[in-house]
Amino acid sequence: MRVPLSWLREYVDLPATETGRDVQAKLISAGLEVETVEPLGADLKGPLVVGQVLTIEELTEFKKPIRFCTVAVGTANGTGEPQEIVCGARNFAVGDKVVVVLPGAVLPGNFAIAARKTYGKTSHGMICSGDELGMGDDGSGGIIVLPPEVEVGTDAIELLQLVDEVLDIAVTPDRGYALSMRGVARETAIAYGLPLRDPALLDVPAPNAFGYPVQVSDPMGCDRFTARTVTGLDPDAQSPIWLRRRLQKAGMRPISLAVDITNYVMLELGQPLHAYDRGRVQGTIGVRRAEKGEKLTTLDGVKRTLNAEDLVITDDRGPIGLAGVMGGANTEIDDTEGTTTEVVVEAAHFDAISIARTARRHKLASEASKRFERGVDPQAASAAAQRTVDLLVLLAGGTADAGVTEVITPSAPHTITIPANHPDKVAGVDYGRETVVRRLQQVGCDVYGQDELIVTVPSWRPDLTDPNDLAEEVIRLEGYENLPSTLPKPPAGLGLTDRQRLHRRVGRALAGAGYVESPNYPFMGEQVLDQFGLADDDPNRKVVKLVNPLSDEEPALRTTLLPGLLQALRRNDGRGSHDLALFETGLVFHPRAELRIAGRLPVDRRPTDEEIASLTAALPVQPRHAAVVLAGAREQAGWWGKGRPADWADAIEAARILAREAGTELLVRSGQYGPWHPGRCAELSVVVDGTRRVVGHAGELHPRVLKALGLPARTCAMELDLDALEEASSGHPKGPKISTFPVATQDVALVVDKAVPHADVEAALREGAGELLESIRLFDEYESEQLGGDRKSLAYALRFRADDRTLTVDEASAARDAAVALATERTGAVLRGA
């Protein structure tokens, strides 16, 4: 919301010495986000005056049209003689009043004006456009042509209100009232302790039976509809300078008088309005839900297919507008034809959720929808309609029709009961009852009671729904900066949980292995699961969808870390970084079998364990995962030797790094899942309570997935469940024991079927070798015709060591033989060469 300071002063008598920066500081202290204060005309220096074009000579010997003009500027040039000016614009004629800047002046951008020779003539100044004066787009696309009644020689800086300050306020969703001059003026008046001249306090005639017929079929979607009619309008009437300038300063482009007035009143009171050409409306104006498949061409020229949940404005032909969002083209006031002499003014109040969904569904955010979805004062509709009628009568010479239509769904004002000391408990400050009552009355509440206050919320504050909202109002108006700074006193000796320690160790280990952390937003679109090739019944397809997502393309919470990581990898690869190793640790989200509604926790005390447990039970299941993605070179080439591209083995090694940090044994075997290549995918599992449990996968991604996501060739990835890894661990990792006795190494080569996983062979050897086994390593895999087409040889190095003695050859050999025997029994292995 852009708020011109000159306009704000109409409602609050601010001290003359107060600048925009001063007002900004006050409003920020009151809780409004005033992002910037824009000084308009700060570097503008006159003389800048109104001139009248006397003559125009067309200079035709140049490539583009050039005009040599004489312009009367009165005594502003010191001589009273006409000013000679060269101009290339063509949207003015002899007799027009224009804005002239004379030599010695300085325009915005430090553009100094001086007499200069151009196109064979000497130009003594400039005839100005709106852009050259920093006014923005005025819709004319050329020189400013002023109304004929403006006197020659008038100071144009004052006439066009070129010097001002504009406060740019970022209005949060809960403060829709601040999307109006009325709302900002109320906050300013409270901040300065000054009275407010409320522009909504108007004499409004009572509704009667002579107004334009209106029928509301959906009172839940539209609880108030006011219609007023103005006849006898001058179709050639133009918006006055002051009206156009206020719209421009507020960031809106002047269009036509009727539209400008509705926009002006919307900015002033916060109530969106719409003006219909009465001659183009057929029959009764209605409000209903759209029929599925109905069509409507909106004012932006787009033909839209309506949804059954859309709220529409209709006449006897069908829809003529998307309620609260945008009007239809079939009832538009068309000033190009200059035929509109009768106008029906609509001021209605629509359901905020319905308008928000319609605007998002049609990707049609408008100034009206922005206000309705944040909450509009329903009591201001009749005042806004009256204000619009008054301005149409004043500026367009119209006559207000005696008929007044108001369709109202009765509703009681919202009342909240709050202990008088509740704000004190929330803030930890002793405000006292008098301060609480005074502050609540300042925001418009009616307050009754002593120790227990009964507070009636004003109609323009739909965000005030419970005692904590009222406490926030008291606290912010008393000043957040006045709250004492107190640090919580945590109980000593707790420190980090085991889960937090593992999370930190994992991050440090992956960073030490050359991976770069890449945190991502926890949102995703379900289409990525199709691109991953997940089965229809895959648990990761069951997602938690957000009611109000940040992006319609990513409305769900992630069930895997890979979409965000792969998107980051693709983005970096596209920007020239081709050798990438990224990791992320974070939560994924799975819906619970039973949907529960979360309760609201208290703020005046610590929640009980039961309340916390109830809240946790309503949340999705949120295990912590870790994932890595790799592409390009894993080892760079250089003088030290050849480089090496990242491959599936690097992804598996990343998983082993995590298992070592968790202090658990990771079982790796061939697998097949989702986005991974079926021949280069490892299934990662751990043993929990004697049962093998799959915790993740690693390997090279499928070429089909790489193509769908636009990823580099041979991209690899790994993801596993950190919580499951922690559950399988035996506690904190223990440091290795350093023995003073020598190691005994025994090599063994076993021939097995190709279908037998290496992990099964290794597990059997490890168990059979017993306690003397220190480590086991696969160092060779061999296949040949001599072994048979369906057989392979696996060679292992077994290291044996005792803590208290040097092992003999017989002891080491016996342990090796026991390991081979168990492997033979379980996997059918045969000792090679036997």
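This report concerns the structure included in the present document. (Residues numbered from 1 in each chain as written. Predicted model: local features only at pLDDT ≥ 70, side-chain atom pairs only at ≥ 80, totals over all residues. Heavy atoms only, no water.)

Quick look at the packing of helix α6 (residues 257–269) against helix α9 (residues 381–396)
- Their axes nearest at 10 Å, the elements α6 and α9 cross at an angle of 140 degrees. The pairing of α6 with α9 is recorded here as oblique in orientation. Judged by the sense of rotation from one axis to the other, the crossing of α6 with α9 is right-handed. Contacts from Leu257, Ala258, Ile261, Thr262, Tyr264, Val265, Glu268 and Leu269 of α6 reach α9 at Ala383, Ala384, Arg387, Thr388, Leu391, Leu392, Leu395 and Ala396.
- Residue classes in the contact of α6 with α9 are distributed as 12 nonpolar, two polar and two charged. (Axes fitted to C-alpha atoms, helices over the stretch in contact; angles between N-to-C directions. Helix = DSSP H or I, 4+ residues; strand = E, 2+ residues; numbered from the N terminus. Parallel < 35°, antiparallel > 145°, perpendicular 65-115°, else oblique. Left-handed = near helix turned anticlockwise from the far one by under 90°. Contact = heavy atoms within 4.5 Å. Nonpolar A, V, L, I, M, F, W, Y, C, P; charged D, E, K, R; others polar.)

Comments concerning the pattern of salt bridges
- By the definition in use, this model includes 57 salt bridges.
- Arg541 serves as the salt-bridge partner of Asp530, at 2.8 Å between the closest nitrogen and oxygen. One end of the pair, Asp530, is in helix α14 (residues 527–531); the other, Arg541, is in the loop between α14 and β30 (556–557), and 11 residues separate them in sequence.
- A salt bridge links Arg799 to Glu774; the shortest N-O distance between them is 3.5 Å. Taken as a pair, Arg799 in strand β41 (residues 791–800) and Glu774 in strand β40 (residues 773–782) lie far apart in primary sequence, 25 residues in all.
- A single salt-bridge network, built from bridges that share partners, covers Arg175, Glu187, Arg461, Asp463, Glu472, Glu473 and Arg476. (Salt bridge = Lys/Arg side-chain N within 4 Å of Asp/Glu carboxyl O.)

Points about the pairing of strand β13 (residues 164–170)
- Relative to β13, strand β1 (residues 2–4) runs antiparallel, the two sharing three bridges. Paired with Arg2 across the strands is Asp168, a residue of β13. (Pairing = 2+ DSSP bridges.)

Let's talk about the environment of Ala627
- Looking at where Ala627 falls in the secondary structure, it is placed in strand β32 (residues 624–631).
- Residue contacts for Ala627: discarding those within four places in its chain leaves Leu561, Leu562, Leu565, Leu582, Phe583, Glu584, Met718 and Glu719.

Focus: the nonpolar core
- Judged by nonpolar contacts, the single largest core of 54 residues is most densely connected at Val3, Leu8, Val23, Leu27, Ile169, Val265 and Leu392.
- Grouped together as the second largest cluster of nonpolar side chains are 32 residues, Val628, Ala655, Met718 and Ala724 included. (Core = buried A, V, L, I, M, F, W, Y, C linked by side-chain atoms within 4.5 Å. Buried < 20%, exposed > 50% of the residue type's maximum accessible area, 1.4 Å probe, protein only.)

All we've got here are geometric facts, nothing functional implied.
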